[in-house]
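# Structural description and commentary
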Amino acid sequence: MSPVFLLLVHTDPQQAKRLLQRLVSVGRCFVHVDAKSDLSAFRIEDPRVSYVQDRVDVRWGAISQVDATLRLMRAALAGCEVSQVSHFVLLSGNCYPVRSLEEFRAYSRSHAGMNFIKMIPLASSRKLHERIRHFWFYEDLPVDGRKFTLVRLARGLSQLAGKLGRRSLSLFPQWHFGSQWWALNPEAVEYLVSHPLEEPVKRFLRFSKAPDEIYFHTLLAHSPLRHSVKRVSGSGVWDAANLHLIDPSLSRWFHAADYEEIVASGRWFVRKVGSGVSGELCDMLDDMDDDLASEQDRKTA
């Protein structure tokens, strides 16, 4: 059994391709490229890598993130031998392995019955509960990175008005959130892609904040698989990180100077890295993996 990697990418094709070239050594890869981006820029010629053709125009903090992830999950289920999959591992193009991928494959195989998806009840704090209690408009009035636009002004005014209302939360008695980046076993993935409440839950979460950090967590929390997920306390996705090192700022890009901190974390992946700022760091992580592989070869020789 081996992990299968699911990648959501939209920028920095150089870094995304570098990541793919590392991952294919231990598992198949399925890639969703944002419909706004040129798919060919992210393509590598390797039979172990497949690209989703029916792509989504993904918008930050919006329900389209969930749609893209579901399409990726369905493509992976259809494109691989599920009985040979230990976990489906969701990554972005700005994630990178910290430890040996061969060790990760062994770890995934030995924990095949587990799901690596931590969750925090949204009702545990007022600020968190606002993600679903109020109305948010990231899908219809998308973020584009610019500071001053009419769309940004309209979104701000709409969300100010949205905070005056209170939404009915009738679908589930309790909603949960956690990190977008998880590792789920095939049973959990098959459950999620065939959930009977997919459409009503997505309609509700269309007007929530960062539904990709809510949708999968809440469905699993109310599923027959709820015993296989872990409930934690905290106030942000860094508190509910699964296999990743995630900085609480959520905006920090890791550099070569952070190497010791990253390795000492004991995590399997780090987020965020990029081709322009993290090239030397990725070289160092690759060299460490190569050294470990060479040492293992010497022991087995």
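Higher on the page you've got the structure.
Residues numbered from 1 in each chain as written. Predicted model: local features only at pLDDT ≥ 70, side-chain atom pairs only at ≥ 80, totals over all residues. Heavy atoms only, no water.

### Concerning the overall build of the chain
Broken down by element type, the chain carries 10 helices and 11 strands. Taken over 301 residues, the chain has a buried fraction of 53%. Carbon together with sulfur atoms contributes 52% to the accessible area of the chain, which is approximately 13800 Å² in total. (Helix = DSSP H or I, 4+ residues; strand = E, 2+ residues; numbered from the N terminus. Buried < 20%, exposed > 50% of the residue type's maximum accessible area, 1.4 Å probe, protein only. Areas by Shrake-Rupley, 256 points an atom, 1.4 Å probe, with all protein chains shown as cover.)

### Points about the pattern of salt bridges
Summed over all chains, the structure comprises 17 salt bridges. With its nearest N and O atoms 2.8 Å apart, the salt bridge here joins Asp 57 to Lys 36. Of this pair, Asp 57 sits in the loop between β3 (49–51) and α2 (64–79) while Lys 36 is found in the loop between β2 (29–33) and β3, placing the two residues 21 residues apart along the sequence. The class for Asp 57 is partly exposed, based on a relative accessible area of 32%. Through salt bridges with shared partners, a single network forms among Asp 67, Arg 74, Glu 198, Glu 199 and Lys 202. (Salt bridge = Lys/Arg side-chain N within 4 Å of Asp/Glu carboxyl O.)

### Thoughts on the packing of aromatic side chains
Evaluated as defined, the whole model comprises 13 aromatic pairs. Between Trp 136 and Tyr 138, the aromatic rings sit 6.2 Å apart at their centres with planes inclined by 10°, giving stacked as the arrangement. In this structure, Trp 136 and Tyr 138 share a single accessibility class: buried. Both rings, one in Phe 172 and one in Trp 175, keep their centres 5.2 Å apart while their planes meet at 85°; by these two values the pair is edge-to-face. Accessibility classification places Phe 172 together with Trp 175 in one group, the buried group. What links up through ring pairs into an aromatic cluster is the set Phe 5, Phe 104, Tyr 107, Phe 116, Trp 268 and Phe 269. (Phe/Tyr/Trp six-rings, centres within 6.5 Å; stacked < 30°, edge-to-face > 60°.)

### Description of the sheet that holds strand β9 (residues 230–231)
A sheet is described by the order of its strands in space; here three strands give the open sequence β7-β6-β9, paired in mixed fashion. Edge positions in the open sheet fall to β7 (176–177) and β9, since each of these has one partner strand only. In this structure, strand β6 (residues 118–121) lies alongside β9, joined through two bridges in parallel fashion. Pairing of Lys 118 across the sheet is with Lys 230, part of β9. (Pairing = 2+ DSSP bridges.)

### So, α2
Here α2 contains 16 residues, and its C-alpha end-to-end distance of 22 Å stays within 8% of the 22 Å for a straight helix at 1.5 Å per residue. Taken together, the buried residues of α2 touch β1 (2–9), β2, β4 (85–92), α6 (186–193), α7 (198–205) and α8 (215–221). (Expected span 1.5 Å × (residues − 1). Contact = heavy atoms within 4.5 Å.)

### Examining the sheet that holds strand β11 (residues 269–271)
Think of a sheet as strands paired side by side through backbone hydrogen bonds, with each pair either parallel or antiparallel. Here we have three strands laid out as an open sheet, ordered β5-β11-β10, and mixed in their pairing. Only two strands of the sheet have a single neighbouring strand rather than two, namely β5 (95–97) and β10 (244–246). Along the sheet, successive strands turn relative to each other by an average axial angle of 25°, direction set aside. Sheet topology places β10 next to β11; three bridges connect them, and they run parallel. By the bridge assignment for β11, Leu 245 is matched with Val 270. (Axes fitted to C-alpha atoms, helices over the stretch in contact; angles between N-to-C directions.)

### As for the pairing of β2
Within a regular strand, side chains alternate between the sheet's two faces. Burial analysis of β2 places five of its five residues in the buried class, which makes it a mostly covered element. Burial along β2 is two-sided: Cys 29, Val 31 and Val 33 and Phe 30 and His 32, pointing in opposite directions, are all buried. Between the parallel elements β1 and β2, the chain passes through helix α1 (residues 13–23) in a crossover that is right-handed. Relative to β3, β2 runs parallel, the two sharing three bridges. Among the inter-strand pairings, Phe 30 is bridged to a residue of β3, identified as Ser 50. (Right-handed = clockwise from strand over helix to strand, strands pointing away.)

### Some points on the packing of α2 against α6
Two quantities define a packed helix pair, namely the angle between the axes and the distance from one axis to the other. Two elements in contact, α2 and α6, have axes separated by 10 Å at closest approach and are oriented at 125°. The angle between the axes of α2 and α6 places the two elements in the oblique class. Where α2 crosses over α6, the handedness of that crossing is left-handed. Across the interface between the two elements, Leu 70, Met 73, Arg 74 and Leu 77 from α2 touch Val 189, Glu 190, Leu 192 and Val 193 from α6. Its residues assigned to classes, the contact of α2 with α6 comprises six nonpolar, no polar and two charged. (Parallel < 35°, antiparallel > 145°, perpendicular 65-115°, else oblique. Left-handed = near helix turned anticlockwise from the far one by under 90°. Nonpolar A, V, L, I, M, F, W, Y, C, P; charged D, E, K, R; others polar.)

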